[in-house]
Amino acid sequence: MMRTLVLGGARSGKSTHAEQLVMGAAAVDYVATSAVNPDDAEWVERIALHQARRPGHWRTLETADIASVLRTPSALSGEAVEPVVLVDCLGVWITRMMDECGIWEEPNSPAEPTSPAEPVEAPRARLQRRIDEVVAAVEQTRREVVFVSNEVGQGVVPAHWSGRFFRDQLGILNTRVAAACERVVFCTAGIPMTLKDAS
Ligand SMILES: Nc1nc2c(ncn2[C@@H]2O[C@H](COP(=O)(O)OP(=O)(O)OP(=O)(O)O)[C@@H](O)[C@H]2O)c(=O)[nH]1
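Residues numbered from 1 in each chain as written. Predicted model: local features only at pLDDT ≥ 70, side-chain atom pairs only at ≥ 80, totals over all residues. Heavy atoms only, no water.

(A) Representation of the pattern of salt bridges within the structure. Following the criterion strictly, the structure yields 11 salt bridges and no others. Among the ionic pairs, arginine 59 bridges to aspartate 29, the shortest N-O distance being 2.6 Å. Of this pair, arginine 59 sits in strand 3 (residues 59-62) while aspartate 29 sits in strand 2 (residues 28-32); the two residues are 30 residues apart in sequence, bridging distant segments of the chain. Residues aspartate 132 and arginine 176 are paired through a salt bridge, measuring 2.9 Å at the closest nitrogen-oxygen approach. Linking aspartate 132 in helix 5 (residues 121-140) with arginine 176 in helix 6 (residues 161-180), this pair joins segments that are 44 residues apart in sequence. For arginine 176, a relative accessible area of 29% corresponds to the partly exposed category. Salt bridges sharing partners connect three or more residues here, namely Asp29, Arg59, Glu82 and Arg143. (Salt bridge = Lys/Arg side-chain N within 4 Å of Asp/Glu carboxyl O. Helix = DSSP H or I, 4+ residues; strand = E, 2+ residues; numbered from the N terminus. Buried < 20%, exposed > 50% of the residue type's maximum accessible area, 1.4 Å probe, protein only.)

This is the structure we're talking about:
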């Protein structure tokens, strides 16, 4: 059993590298965490290109429920061969969770939580629970898995509160997932660099 995290910026080659890592596997469950907005033609086209380059025997699971996939060996497939899981990607997953948890309002004072009745606190707690659930599943999974995630936060500090919140949450999630993974790779300009190899 081997867990790998592949990090990188936009168009860094991280998805391609992750796909190469599992290319030899007899079965692959590709977990697409992005919700498709049919009105966003550019995103739809990106996804179509991804789908076209994937080998025909890979199965695509369109789901944000990463924890269930990691906790369910073979149950989804019923196949004799345990599929390797490829999760693409944690950055998009966090964005989707922020939407689903209703995190879009700037709190009055992020440093000083207001009363539990304040609407902003419940969404944050919900998001935290989902993040903790995924991290626990990563730590406990028996499946071979490759995670793709975005490395953000090396540019300017985002002007908007939600951008800074996203950046911080993803940085923390990447750190926690990296700690649980046997291997961590960072891609830049199409070049993968091994940051950790405890396999
Ligand atoms: N819903 C859905 N999303 C998909 C599918 N295939 C790929 N994606 C998404 O496509 C996104 C990655 O696409 P890109 O933006 O082209 O990759 P990138 O990370 O910018 O580029 P690289 O760093 O070079 O990999 C991920 O969020 C995937 O979840 C699919 O079949 N369905």
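(B) Here's a closer look at the nonpolar core. Ranked by size, the top nonpolar core spans 37 residues in total, and within it Leu5, Trp93 and Phe147 carry the most contacts. Excluding anything up to four places from it in sequence, phenylalanine 147 contacts Thr4, Leu5, Val6, Ile66, Leu70, Val87, Leu90, Val138, Val177 and Cys181. Among the nonpolar cores identified, the runner-up in size contains 15 residues, and Ala18, Tyr30, Val84 and Cys187 belong to it. (Core = buried A, V, L, I, M, F, W, Y, C linked by side-chain atoms within 4.5 Å. Contact = heavy atoms within 4.5 Å.)

(C) Structural detail: the site of the ligand. Not every one of the 22 residues close to the ligand is listed here, only the nearest: Lys14, Arg46, His50, Glu62 and Asp88. A distance of 2.7 Å separates an oxygen atom of the ligand from a polar atom in the side chain of histidine 50. Burial of the ligand by the protein amounts to 94% of the accessible area it has alone, namely 670 Å². Among the cavities detected, the one that contains the ligand is the largest pocket. For the shell around the ligand, the elements supplying multiple residues, two or more each, are helix 1 (14-22), strand 2, helix 2 (41-53) and strand 3. Of the residues belonging to the shell around the ligand, the class tally is 7 nonpolar, 9 polar and 6 charged. (Near = heavy atom within 4 Å. Polar contact = N/O pair within 3.5 Å; in protein donor to acceptor, adjacent residues only side chain to side chain. Areas by Shrake-Rupley, 256 points an atom, 1.4 Å probe, with all protein chains shown as cover. 1 Å grid on protein atoms, 1.4 Å probe; cavity = no way out; pocket = protein on both sides within 12 Å on 5 of 7 lines; lining within 4 Å. Sits in = over half its atoms within 2 Å of the grid points. Nonpolar A, V, L, I, M, F, W, Y, C, P; charged D, E, K, R; others polar.)

(D) Molecular detail of the packing of helix 4 (residues 90-100) against helix 6. With their axes 10 Å apart at the nearest point, helix 4 and helix 6 run at an angle of 130 degrees to one another. As the angle between them shows, helix 4 and helix 6 are arranged oblique. For the pair helix 4 and helix 6, the sense of crossing is right-handed. In this structure, helix 4 contributes Leu90, Gly91, Trp93, Ile94, Thr95 and Met98 to the contact, and helix 6 contributes Ser162, Phe165, Phe166, Gln169, Leu170, Leu173, Asn174 and Val177. Of the residues assigned to the contact of helix 4 with helix 6, the class counts are 9 nonpolar, 5 polar and no charged. (Axes fitted to C-alpha atoms, helices over the stretch in contact; angles between N-to-C directions. Parallel < 35°, antiparallel > 145°, perpendicular 65-115°, else oblique. Left-handed = near helix turned anticlockwise from the far one by under 90°.)

(E) Quick look at helix 6. Compared with the 28 Å implied by 1.5 Å per residue over 20 residues, the 29 Å span of helix 6 between its first and last C-alpha is a close match. Considered for burial, the residues of helix 6 that qualify are Trp161, Phe165, Phe166, Gln169, Leu170, Leu173, Asn174, Val177, Ala178 and Ala180. (Expected span 1.5 Å × (residues − 1).)

(F) Here's a closer look at unusual backbone geometry. Omega for the bond connecting aspartate 88 with cysteine 89 falls within 30 degrees of zero, at 0 degrees, which places this linkage in the cis form. Tracing the chain through its elements places cysteine 89 in the loop between strand 4 (84-88) and helix 4. Of note in this structure, arginine 11 is not a glycine but carries a positive phi near 55 degrees. Its location among the elements puts arginine 11 in the loop between strand 1 (3-8) and helix 1. Residue classification places arginine 11 among the exposed residues on the basis of a relative accessible area of 64%.

(G) Just the UniProt feature "active site" (unreviewed entry) in the chain, in detail. Within this numbering scheme, the UniProt entry marks His50 as carrying the feature "active site" (unreviewed entry). Not counting chain neighbours up to four residues away, the residues in contact with histidine 50 comprise Ser15, Glu19, Tyr30 and Asp88. (UniProt positions renumbered as here; feature names shortened; annotations may be inferred.)

(H) Quick peek at the pairing of strand 6 (residues 183-188). Bridging between strand 1 and strand 6 involves 5 bridges; their strand directions are parallel. Bridge pairing in strand 6 places leucine 7 opposite phenylalanine 186. Relative to strand 7 (residues 191-197), strand 6 runs antiparallel, the two being bridged by 6 bridges. Bridge assignment links cysteine 187 to a residue of strand 7, and that residue is proline 192. Counted between consecutive antiparallel strands, the loop separating strand 6 from strand 7 contains 2 residues, among which alanine 189 sits at a positive phi close to 50 degrees. (Pairing = 2+ DSSP bridges.)

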